[in-house]
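So the chains spell out like this:
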Amino acid sequence: MTEQAEQKAFSIRGAMDAVGNIVDLHVARGVFVAEAPEGSELIEADGLVVLPGFVDIHTHLREPGFEASETIASGTAAAVAGGYTAVCAMANTDPVTDSVERVESMRKLARTSAHNEVFPIGSLTIDLAGQQLSPIAEMAACGVRLFSDDGRCLMDPVLMRRALELSAAHNVVIAQHSQDHRLAPADACADERSIAGELGLPGWPWAAESSIIARDVQLAELTGGHLHVCHLSTAESVEVVRWAKARGVDVTAEATPHHMLLTSDLLRSGSTDYKVNPPLRSAEDVEAVRAGLVDRTIDLVGTDHAPHEAQFKDLPFPQAKPGMTALEQALSSLMESLLLPGRIDWTDVTRIMSTAPAHRGQVPGQGLGLGVGSPANLVLVHPARRRVVNRDDSASAGRNNPYHGMDLPDPIELTMGAGRILYRR
Ligand SMILES: [Zn+2]
């Protein structure tokens, strides 16, 4: 926290909290306090909803190594514009975050350029090669709480078993990108069940995801390890996680903003903005993901924010890189999919966007609510405003925005982290 932030005080008046009470919130020295200090800045929040700041445990910030796609500065600018007060940065940078030194170097980069808090995720294997485990114990000892080779699946069941054993021993979480690389190899780019055949694209079969999840939840049961399933995208995957939770396995699951809102029909446009991994699925799969969020089989939203520079998207569909920007439209998507249709309420939004990710990622100072004494992390939300999304309005360096041209909720008014205004509309 900067000296300036320690001095600045705020009073936020008239906002509605998640359960519908009109509240006044006071902020001083970076935390919520009971009384407005003299000279505090007044923020009028009539008609707005106040929620705890959001936490993303699945962000690709691209720096170091791919700064033309995104930097920590531009990625976290997108994050605060989406209501996020903290993000966990995936390890598939160049160099890969696969050692204590790389973790420290990421933290140093983030201290100088980030708009919100950034927590490095450690890779599961050295250089994401799937051959040799990263020094998980050492990285855990220096505060890393999530480990993932995301972008790639850790296929080797013996290494996965060992990683889950280490997760139990060191109280960390293994986040798996579930994709059997034999069934769905690198060129698989369209949902096999709904669209690949029609478009003549290499198919990505549903079983390549849920078969890995089924294996991993059993390895988690065998080892007592802590498993997190990234970007679950099919009805069968939701069923497997539901089954595993009923058995008492320590597994959490995430849905992305795009897999709960967008369907594979969009691929008919030919636009590579709709290319993502795992691919967009059918309306039936989207409904299964929504139902999973409603019944808490799926715990949280992870954005899988994956910006790319234009040259990697301006290619024929099979050659274009998979990935979508997601931080700025995450709440828009959750509202459009589930909140506005009345299937979840603001307390569910709080759990899905803040409490559950902060808890699973053991993200310090986040997801703690709006009570006196807690760090002043909050987002003010307009519950009814809409806007046609324009990719060029984005704070992200990525223009691969799949919501471009869609009429969606436009909720974020203000984001405050540790008592500092990080974003204001
Ligand atoms: Zn992934």
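Here, every reference points to the structure presented above.
Okay, so let's go over this structure.

So, how was this worked out
- Residues numbered from 1 in each chain as written.
- Predicted model: local features only at pLDDT ≥ 70, side-chain atom pairs only at ≥ 80, totals over all residues.
- Heavy atoms only, no water.
- Helix = DSSP H or I, 4+ residues; strand = E, 2+ residues; numbered from the N terminus.
- Rg over C-alpha atoms; globule rule 2.2 N^0.38 Å.
- Buried < 20%, exposed > 50% of the residue type's maximum accessible area, 1.4 Å probe, protein only.
- Contact = heavy atoms within 4.5 Å.
- Areas by Shrake-Rupley, 256 points an atom, 1.4 Å probe, with all protein chains shown as cover.
- Lys, Arg positive; Asp, Glu negative; His and termini not counted.
- Charge placed at Lys NZ, Arg CZ, Asp CG, Glu CD.
- Donors = N, O, S within 2.8 Å, 3.2 Å for Na, K, Ca; no water.
- Phe/Tyr/Trp six-rings, centres within 6.5 Å; stacked < 30°, edge-to-face > 60°.
- Lys NZ or Arg CZ within 6 Å of the ring centre and 35° of its normal.
- Disulfide = S-S within 2.5 Å.
- Core = buried A, V, L, I, M, F, W, Y, C linked by side-chain atoms within 4.5 Å.
- Salt bridge = Lys/Arg side-chain N within 4 Å of Asp/Glu carboxyl O.

Assigned secondary structure in the chain consists of 11 helices and 20 strands. On C-alpha atoms alone, the chain measures out to a radius of gyration of 20 Å, which is about the 22 Å that the 2.2 N^0.38 rule sets for 425 residues. By its C-alpha atoms, the chain is 65 × 45 × 45 Å across when sized along the principal axes. The buried share of the chain, reckoned over its 425 residues, is 59%. Expressed as a percentage of contacts within the chain between residues at least 6 apart in sequence, the contacts between residues at least 24 apart total 76%. Summed over its atoms, the accessible surface of the chain is roughly 15,900 Å², and 50% of this surface lies on carbon and sulfur atoms. For the chain, the distance from the average site of its 36 positive side-chain charges to the average site of its 55 negative ones is 1 Å.

This part is about the coordination of the zinc ion. For the zinc ion, the full set of protein donor atoms is Asp-150 (OD), His-177 (ND1) and His-231 (NE2), at a range of 2.0 to 2.2 Å. Between consecutive donor residues of the zinc ion, the sequence gaps follow D-x26-H-x53-H. Remark: His-231 occurs in the loop between strand 13 (227-229) and helix 8 (235-246) and Asp-150 occurs in the loop between strand 9 (146-148) and helix 5 (157-170); sequence separation between them is 81 residues. The two residues Asp-150 and His-231 agree in class, both being buried.

Moving on: the packing of aromatic side chains. In this structure the tally under the stated criterion is 1 aromatic pair. One residue, Lys-321, lies across the ring of Phe-312, its end atom 4.2 Å from the ring centre.

Right, let's talk about the state of the cysteines for a bit. Here the structure, examined in full by the defined rule, presents 0 disulfides. No disulfide involves Cys-88; its sulfur sits 11 Å from that of Cys-230, the nearest cysteine. For the unlinked cysteine Cys-153, the closest cysteine sulfur is that of Cys-230, found at 10 Å.

Now for unusual backbone geometry. Between Glu-63 and the following residue, Pro-64, the backbone shows a cis peptide bond with an omega angle of 5 degrees. Tracing the backbone shows Pro-64 in the loop between strand 6 (54-59) and helix 2 (72-81). Pro-278 follows Asn-277 through a cis peptide bond whose omega is -5 degrees. Following the sequence through the fold, Pro-278 ends up in the loop between strand 14 (251-255) and helix 9 (283-294). You will see that Asp-304, though not glycine, has its phi angle at about 50 degrees, which is positive. The residue Asp-304 is located in the loop between strand 15 (300-301) and helix 10 (330-339) in this model. By relative accessible area, which is 6% here, Asp-304 ends up buried. Not every positive phi belongs to a glycine, and Ala-418 is a case in point at roughly 50 degrees.

Our next topic: the nonpolar core. In terms of nonpolar packing, the biggest core is built from 66 residues, with Tyr-84, Leu-334, Val-349 and Met-353 touching the most fellow members. Looking at this core element by element, the count peaks at 6 residues for helix 10. If we skip the residues at most four places from it in the chain, Leu-334 touches Met-260, Val-301, Leu-339, Ile-344, Val-349, Ile-352 and Met-353.

Bringing the pattern of salt bridges into the picture now. The tally for this structure, following the rule as stated, stands at 28 salt bridges. The shortest N-O distance in the salt bridge between Asp-393 and Arg-387 comes to 3.8 Å. A salt bridge links Asp-410 to Arg-425; the nearest nitrogen and oxygen atoms lie 2.7 Å apart. Taken together, the residues Asp-410 in the loop between strand 18 (407-409) and strand 19 (412-417) and Arg-425 in the segment after strand 20 (420-424) connect sequence positions 15 residues apart. According to the relative accessible area criterion, Asp-410 is buried, its value standing at 10%. Residues participating in the shared-partner salt-bridge network are Arg-385, Arg-387, Asp-393, Asp-410, Glu-413 and Arg-425.

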